[in-house]
Amino acid sequence: MAQAMKIAIVDDEKDMRQSISQWLALSGYDTETYASAEDALKGLTPDYPGIVVSDIKMPGMDGMQFLKKLKGVDSTLPVIMITGHGDVPMAVEAMRIGAYDFLEKPFNPERMTELAKKATQARRLTLDNRALRKELSDGSAIMSKLIGASPVMERLKEDILDLGQADGHVLIEGETGTGKTLVAHALHAVGARANKRFVLIACSAYDEEALSRRLFGPVEQDDPIPAMEEARGGTLVLEDVEALSPALQARLLTALNEQGTPAETRIIAICNLQDEGKTCESVLRADLFYRLAALRVTVPPLRQRGEDILTLFTRLSEQFADEYGCDAPQVSAQEAAQLLQAPWPGNVRQLINVAERAVLQNRRGTGTIASLLMADNEESEPAMTTEGKPLKEFVEAFERMLIDNTMRRHKGSIVAVMEELCLPRRTLNEKMAKYNLQRSDYLQG
């Protein structure tokens, strides 16, 4: 979910601060005001989620000194400077130092809004890119996205941690929508190449000639660096590796042979074959397949992940509820059983769609989770699983989800949870111990 952008307004004149703040607030911005640059610096951090609007002429630390300080805090923070009449040369100097833009008094409020919009958009892009770079180099952040405590997910996480440290090429297999690309990111992030380049190519998105140029060159005008060169020393992910033509398979094999051992560039191949009877091994030439499949990871389908389904649905619905500004749907025991028993042909990707639609339905006060599942699985047998799990497991999964949701909603308040669930303290403690739920995980400092 996108973080709301703020605008810090810095001006020693109270009327000017209030005027700018009121106008920008009417335009939908979250504003905060400061009477001095010194005060503003206390609240402006390197990842400040917004921009700064500052007067140039202020007592104490003036706008130019303030701008230089801000550039030291975060060189990418957009700062819009306000100048008095005749101070244009000073404004030009501010732009040279790194101001985003400037406004000359008296300024048109519409121009202020226009600049604020452009600056906040630029800031959001900077922060999003920064977060992505951090995420892709932070193994713990990536691993935290692999939500679930089912045996198959625990095994997958162990495989990622083990294989991430290896140098061999990896083949990732699994049904559509299971999260194979996320696994590729995780393999890179937990390994020795985490700080090297990570390049992802969707092979099916190109025709043969374009894919050949993208992978190996030669480049034409405005083409990016060939992926094999771009990923040198790091990781190259080939999504839809089965889309490689025989000629490109031969060329890739030659490139891998030329790298030697250990491989200079690690290849992670993702196979997305959906046709029954076909496998990655059957469509790739044998010598290439065995090179790419030196190490193999199979991402489990959602229907094999048990109560992970409820955990994922809860997290996703809460995220969408936050994004849409409404309450997340409360899942009944019957709906929990339906979620657990659905066949989920689209796996996690399908679950994401169902969670979003459930939130939108809840906002309107119409529809049920069952109706969403039926619409998604019209051609599938309802309420069937390949696991054949007994009712006791479904009841326990729902019970765990209910306690987990209630604990998070009350931020770890045992008394509040006892009252809402009508449980005595001893029973609640026993159930939390049974389901490995720790009160400390719900406390907010």
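Draft legend 1. Region of interest: the sheet that holds strand 8 (residues 235-239). With parallel pairing, 5 strands are arranged side by side in an open sheet as 7-8-9-6-10. Here the strands that pair on one side only, and so sit at the sheet edges, are strand 7 (198-202) and strand 10 (295-299). For this sheet, the mean angle separating the axes of adjacent strands, direction not counted, is 20°. Strand direction decides the pairing type here: strand 6 (residues 170-174) and strand 9 (residues 266-270), joined by 3 bridges, are parallel. From the neighbouring strand, L171 faces strand 9, where its bridge partner is A269.

Draft legend 2. View of the nonpolar core. Among the nonpolar cores identified, the biggest contains 29 residues, and F313, L339 and W344 are the most heavily contacted of them. Elements supplying a minimum of two residues to this core: helix 14 (308-324), helix 15 (333-341), helix 16 (347-364), helix 17 (369-376) and helix 18 (391-409). The dominant element in this core, judged by the number of residues it contributes, is helix 14, at 7 residues. In contact with F313, not counting residues within four places along its chain, are V331, L339, L351, V354, A355, A358 and I369. Ranked by size, the runner-up nonpolar core spans 28 residues in total, among them A227, M228, L236 and L253.

Draft legend 3. The pattern of salt bridges, seen in detail. This structure, assessed with the given rule, holds 22 salt bridges. For E264, the salt bridge goes to R232, with nearest N and O atoms at 2.8 Å. Of this pair, E264 sits in the loop between helix 11 (246-259) and strand 9 while R232 sits in the loop between helix 10 (227-230) and strand 8, placing them 32 residues apart in sequence. Overall, the relative accessible area of 42% leaves R232 in the partly exposed class. E430 is the partner of R426 in a salt bridge, and the nearest nitrogen-oxygen pair spans 3.2 Å. Residue R426 and its partner E430 are located together in helix 20 (residues 425-434), separated by 4 residues, close to a single helical turn. Relative accessible area serves as the criterion here: at 65%, R426 is assigned to the exposed category.

Draft legend 4. Broad picture of the pairing of strand 8. The buried fraction of strand 8 amounts to 5 of the 5 residues, a majority that puts the element mostly inside the structure. Burial of strand 8 is two-sided: the residues T235, V237 and E239 facing one way and the residues L236 and L238 facing the other way are all buried. Pairing geometry for strand 7 and strand 8, over 5 bridges, is parallel. Looking across to strand 8, one finds that A202 is bridged to E239. Relative to strand 9, strand 8 runs parallel, the two sharing 5 bridges. The residue bridging V237 from the neighbouring strand is I268, located in strand 9. A crossover links strand 8 with its parallel partner strand 9, the connecting element being helix 11, and its sense is right-handed.

Definitions and limits used
- Residues numbered from 1 in each chain as written.
- Predicted model: local features only at pLDDT ≥ 70, side-chain atom pairs only at ≥ 80, totals over all residues.
- Heavy atoms only, no water.
- Pairing = 2+ DSSP bridges.
- Helix = DSSP H or I, 4+ residues; strand = E, 2+ residues; numbered from the N terminus.
- Axes fitted to C-alpha atoms, helices over the stretch in contact; angles between N-to-C directions.
- Core = buried A, V, L, I, M, F, W, Y, C linked by side-chain atoms within 4.5 Å.
- Buried < 20%, exposed > 50% of the residue type's maximum accessible area, 1.4 Å probe, protein only.
- Contact = heavy atoms within 4.5 Å.
- Salt bridge = Lys/Arg side-chain N within 4 Å of Asp/Glu carboxyl O.
- Right-handed = clockwise from strand over helix to strand, strands pointing away.

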